[in-house]
Amino acid sequence: MEAHLMKDLFWEDDEKDFNNFCRLNKDQFEEILSLVEPKIRKNDTHMRLAISPRTKLAIALRYMATGDSFRSLEFLSRVSRSTIAVFMPIVIGAIYNALKGTYLKESISQTKFCVLVLTEIPLKLQIPNTIHEWVTVAKDFQDIWQFPHTLGALDGKHIRIKAPANSGSQFYNFKGFYSIVLFAAVDAHCRFLFVSVGTNGKASDSTIYQDSTLYSSLQNGDLNIPCSKELVHDQGNKIPYFFIGDDAFCLDKHLMKPYSRCLKLNVSQEIFNYRLCRARMVVECAFGRLAKRFGIFNRPIETKTSTVDMIVMAACALHNYLTKKRTTTPDSVIESIPTTFSSIGQQELQSYKYACRLRDDISRYLITDGNVDFQWKKINREPVS
């Protein structure tokens, strides 16, 4: 097969053209190939020569990079579209399974796609689950985005799909097209920490979050997140570590959202909204880079929903693989971590009023000890003395 149209791709010296075709450079392509080759290689027979793993991988990456139809890929590669339809989910599943352990700590309760027998096998998965890992994530948010105690930014992205047969309006979203939702938590480097795929497009971000294993594990204390800690050493109330989201989410002690813009906000509340939205940009950037890198997300994906889920998970793993992570390992990352909460009743800890007080405490910190010079210009206010 490589003797035809794809020969020029593999042997051409132009790195830019190769990167444009596969979204990987040649070294990265060879590394991915070495990981997936044992899973996608077929034996030659007396009747025909098997399609090489190199060609299969190139076709699969081109499909993710452009979203081209199998018919277009047939003209490009001289591989029949019926054959492409057979090996495409196997190759994409192999990419995901090869990268997930190192480059994507997947959602806690997702589906593993077996690349040998195309059946769905329930599997327990995990996101960062040690105190030291979470403290590192929070310190990166503090250092890069100047927002304290943040474990990740949450949001959902609608993935366009062709309307599944006999699904009615189940996958029809408020934007006016059929979709499934990619719900994710993203770190300070725009890398996916948690990914959940497959919820129908009708569901809201808040509903998906509250139905997710991330939420249940957080409520049950299974994530091993750090205990509450003062924003300023030995001063003020202890503040829990939390995720950040937009107005669609419900405020609680482990999820901070902006103050409602329907209210007349004071200076500290405006600063809080600006600083939170600034830190939350990482999840929007992650989704934007994902769609820019993999053009398949810019048009409806015309495959069955289980294959769409697999494509999205593989794309997220490849995104993390291609996103260089800044290493932050100073001694200050692993500080003395409190082992108890402050002396507030457990019932109050779960209350909405308690979450509001926490948000107020953070907003006051952002204009005092957590003040940064540029924030006042952004909200057109004079600094508070």
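Before any of the text, the structure's been laid out above.
Okay, so let's go over this structure.

Conventions adopted
Residues numbered from 1 in each chain as written. Predicted model: local features only at pLDDT ≥ 70, side-chain atom pairs only at ≥ 80, totals over all residues. Heavy atoms only, no water. Helix = DSSP H or I, 4+ residues; strand = E, 2+ residues; numbered from the N terminus. Buried < 20%, exposed > 50% of the residue type's maximum accessible area, 1.4 Å probe, protein only. Areas by Shrake-Rupley, 256 points an atom, 1.4 Å probe, with all protein chains shown as cover. Axes fitted to C-alpha atoms, helices over the stretch in contact; angles between N-to-C directions. Parallel < 35°, antiparallel > 145°, perpendicular 65-115°, else oblique. Left-handed = near helix turned anticlockwise from the far one by under 90°. Contact = heavy atoms within 4.5 Å. Salt bridge = Lys/Arg side-chain N within 4 Å of Asp/Glu carboxyl O.

### Overview of the overall build of the protein
- Counting its secondary structure elements, the protein contains 14 helices and nine strands.
- Each of the 385 residues in the protein was classed as buried or not, and the buried ones make up 53%.
- Only carbon and sulfur atoms are counted for the fraction: they give 50% of the accessible area of the protein, which is about 19000 Å².

### Thoughts on the packing of helix α6 (residues 81-103) against helix α11 (residues 305-322)
- It is at 8 Å that the axes of α6 and α11 come closest, and there the two elements cross at 45°. In this view, α6 runs oblique relative to α11, as classed from their interaxial angle. Viewed along their axes, α6 and α11 form a crossing whose handedness is left-handed. Here α6 contributes Pro 89, Ile 92, Gly 93, Ile 95, Tyr 96, Leu 99 and Tyr 103 to the contact with α11, which in turn contributes Thr 307, Met 310, Ile 311, Met 313, Ala 314, Ala 317, Leu 318, Asn 320 and Tyr 321.

### Description of the pattern of salt bridges
- This structure, assessed with the given rule, holds eight salt bridges.
- Of the charged contacts, one joins Arg 81 and Glu 74 as a salt bridge, the two residues approaching to 2.8 Å between their closest N and O atoms.
- Among the residues examined, Arg 81 registers a relative accessible area of 38% and is labelled partly exposed.
- Linking Asp 143 and Lys 139 is a salt bridge whose minimum nitrogen-to-oxygen distance equals 2.6 Å. A residue pair is termed a helical-turn pair when its members lie 3 or 4 positions apart in one helix, as Asp 143 and Lys 139 do in helix α7 (residues 131-145) at four residues.
- For Lys 139, a relative accessible area of 18% translates into the label buried.
- Salt bridges sharing common partners tie together Asp 155, Arg 280 and Glu 284.

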